[in-house]
Amino acid sequence: MKMAWFCIPAHGHTNPTLGLVKEMTVAGHEIVYFSFEQFREKIESAGAEFIPCDEYDFEMEDKENGDRVGKDMAFATKLLVRSTLALDDMVAKKVAEIKPDLIVSDSVAYWGKLIAMKYHIPYVSSTTTFAFNDHSSRYMNQGIGELFKMMFSMPKINKEMKKLQEKGYPVKSILEVVKNDNETNTIVYTSKEFQPCADTFSDKYCFIGPSIRPVFSPMEKTAKKTIYISMGTVMKNKEIYKNCVEALRDTDYQVIISLGENVEEYADLPDHIKVYASVDQMAVLSIADVFLTHCGMNSTSEALYYEVPLVLKDLNAVVV
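Presented here is an overview of the structure given in this document. Quick caveat: nothing in here was measured; it's all calculated off a predicted structure.

Parameters and conventions
Residues numbered from 1 in each chain as written. Predicted model: local features only at pLDDT ≥ 70, side-chain atom pairs only at ≥ 80, totals over all residues. Heavy atoms only, no water. Helix = DSSP H or I, 4+ residues; strand = E, 2+ residues; numbered from the N terminus. Pairing = 2+ DSSP bridges. Axes fitted to C-alpha atoms, helices over the stretch in contact; angles between N-to-C directions. Contact = heavy atoms within 4.5 Å. Buried < 20%, exposed > 50% of the residue type's maximum accessible area, 1.4 Å probe, protein only. Salt bridge = Lys/Arg side-chain N within 4 Å of Asp/Glu carboxyl O. Phe/Tyr/Trp six-rings, centres within 6.5 Å; stacked < 30°, edge-to-face > 60°.

Re unusual backbone geometry
Residues other than glycine seldom take positive phi values, yet C295 does so here, at roughly 70°. Within the secondary structure layout, C295 lies in the loop between strand 11 (290-293) and helix 10 (297-305).

Re the sheet that holds strand 6 (residues 185-188)
Spatial ordering of the open sheet is given by 3-2-1-4-5-6-7, a layout of 7 strands whose pairing is parallel. The two strands at the open ends of the sheet, each matched to only one other strand, are strand 3 (49-52) and strand 7 (205-207). Adjacent strand axes in the sheet meet at a mean angle of 20°, parallel and antiparallel pairs treated alike. One ladder, built from 4 bridges, connects strand 5 (residues 123-127) with strand 6; its direction is parallel. Across the sheet, the residue bridging to V124 is N185, located in strand 6. In the packing of helix 1 (residues 11-26) onto the sheet, contacts are made with strand 1 (2-6), strand 2 (30-35), strand 4 (102-106), strand 5 and strand 6, and the angle to strand 2 comes to roughly 160°. Most of the contacts of helix 5 (residues 110-119) go to strand 4, to which it runs at about 160°, and overall it touches strand 1, strand 4 and strand 5.

Description of the sheet that holds strand 11
Pairing in this open sheet of 5 strands is parallel, and the strands run 10-9-8-11-12 from one edge to the other. Looking at strand neighbours, the two that pair on one side only are strand 10 (273-276) and strand 12 (310-312), the edges of this open sheet. Each neighbouring strand pair of the sheet contributes to a mean axis angle of 15°, computed without reference to strand direction. Judged from the 3 bridges that link them, strand 11 and strand 12 form a sheet pairing that is parallel. Considered in strand 12, the bridge of F291 is made with L310. Packed onto the sheet, helix 8 (residues 239-248) meets strand 8 (226-230), strand 9 (254-258), strand 10 and strand 11 and runs at close to 165° relative to strand 8.

Structural notes on the environment of C53
Along the polypeptide, C53 turns up in the loop between strand 3 and helix 3 (63-69). For C53, a relative accessible area of 2% puts it in the buried group. Sequence separation between C53 and I8 is 45 residues; the distance between their C-alpha atoms is 9.8 Å.

Some points on the pattern of salt bridges
Two side chains of opposite charge can pair, provided their charged atoms sit close to one another. Scanning all chains against the criterion turns up 9 salt bridges. Note that R40 is salt-bridged to E44, the shortest N-O span being 3.1 Å. With R40 and E44 both in helix 2 (residues 40-45) and 4 residues apart, the pair spans about one turn of that helix. By relative accessible area, which is 27% here, R40 ends up partly exposed. Residue classification places E44 among the partly exposed positions, given a relative accessible area of 40%. Two residues, K163 and E160, come together in a salt bridge whose shortest N-O distance is 3.4 Å.

A short note on the packing of aromatic side chains
Considering all chains together, one arrives at 7 aromatic pairs under this definition. On the basis of an interplanar angle of 15° and a centroid distance of 4.4 Å, the ring pair of F6 and F34 is categorised as stacked. Here F6, found in strand 1, pairs with F34, found in strand 2; they are 28 residues apart in sequence, far enough to count as distant. A single burial state applies to F6 and to F34, both of which are buried. Taking the centre distance of 5.6 Å and the plane angle of 55° together, the rings of F130 and F194 count as tilted. Highlighted residues: F130 in the loop between strand 5 and helix 6 (144-166) and F194 in the loop between strand 6 and strand 7, separated in sequence by 64 residues. A network of ring pairs unites the aromatic residues F201, Y205 and F207 as a single cluster.

Nothing here speaks to function; it is geometry throughout.
Right under this line is the structure:
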């Protein structure tokens with residue numbers, strides 16, 4: 001079977017897919033993975049053919065835009081349409097060359113779903129967070145202000161959707177794109193036991209559990225207690241890291257901090273505190289005694305797998 005796989009430029013949405021991609025390529029399936037250069041090595045190591053999308057207009061790569069997407073439906077629709085149309089010519093050629101039997105896309109890489117609709121190719125949604133339907137989404141109730149904002153945004157949203165229709169995408173509304181129903185084949189990278197309202201999803205939803213890979217380069221445990229601190233790759237407020245350094249400066253704990261960026265400003269550190277741009281999180285969790293985290297889906301699942309207690313940080317809270 002030949003598959004075209006689409007994902008957004010985010011580690012938390014790419015990493016969970018790689019174990020499945022590897023198993024499928026080992027089983028003899030051919031996967032062409034549309035992604036971004038920073039993920040090329042990982043994707044090719046999993047056995048897929050890599051197709052770069054970096055030269056196209058993907059504003060979702062900007063972290064500030066990424067934050068706004070979840071709050072402004074009109075803005076999110078604009079990015080969705082712009083990204084889909086930016087890929088349109090290239091994907092048309094690749095679909096003609098590859099002739100995929102199946103399209104798999106991240107649940108928020110909506111252009112993958114739209115491409116499947118346009119070319120009448122069977123579609124599977126890859127969901128790296130919880131699955132959402134009318135029941136589970138009640139955990140994320142919007143206030144009256146958000147509902148009014150949504151209503152007033154509809155003219156802008158419909159204008160953007162018309163651009164897709166003019167390019168041959170058979171879509172009538174934004175909800176048709178962003179919402180999966182119980183007839184959509186969906187892979188979910190968690191267990192039913194962890195999924196809210198799990199009994200309301202059809203058997204089209206396959207809960208395969210978190211994608212846990214083996215540790216290839218073990219991390220040395222240098223103290224009786226090891227504290228691991230990481231807020232993922234999207235956090236902008238770095239003050240929490242500096243506060244943690246000061247709070248733990250005079251302890252005898254092993255402290256491992258993953259910043260998601262360069263570390264030059266953390267030069268004056270005691271020997272027991274190590275700061276990295278990135279780490280092998282599985283290796284660190286295998287020796288950690290506690291994990292201070294932003295509570296991302298992958299981090300939470302991996303910590304639970306290693307039975308590491310979690311201290312959860314709300315990234316919207318003010319750090320004092």
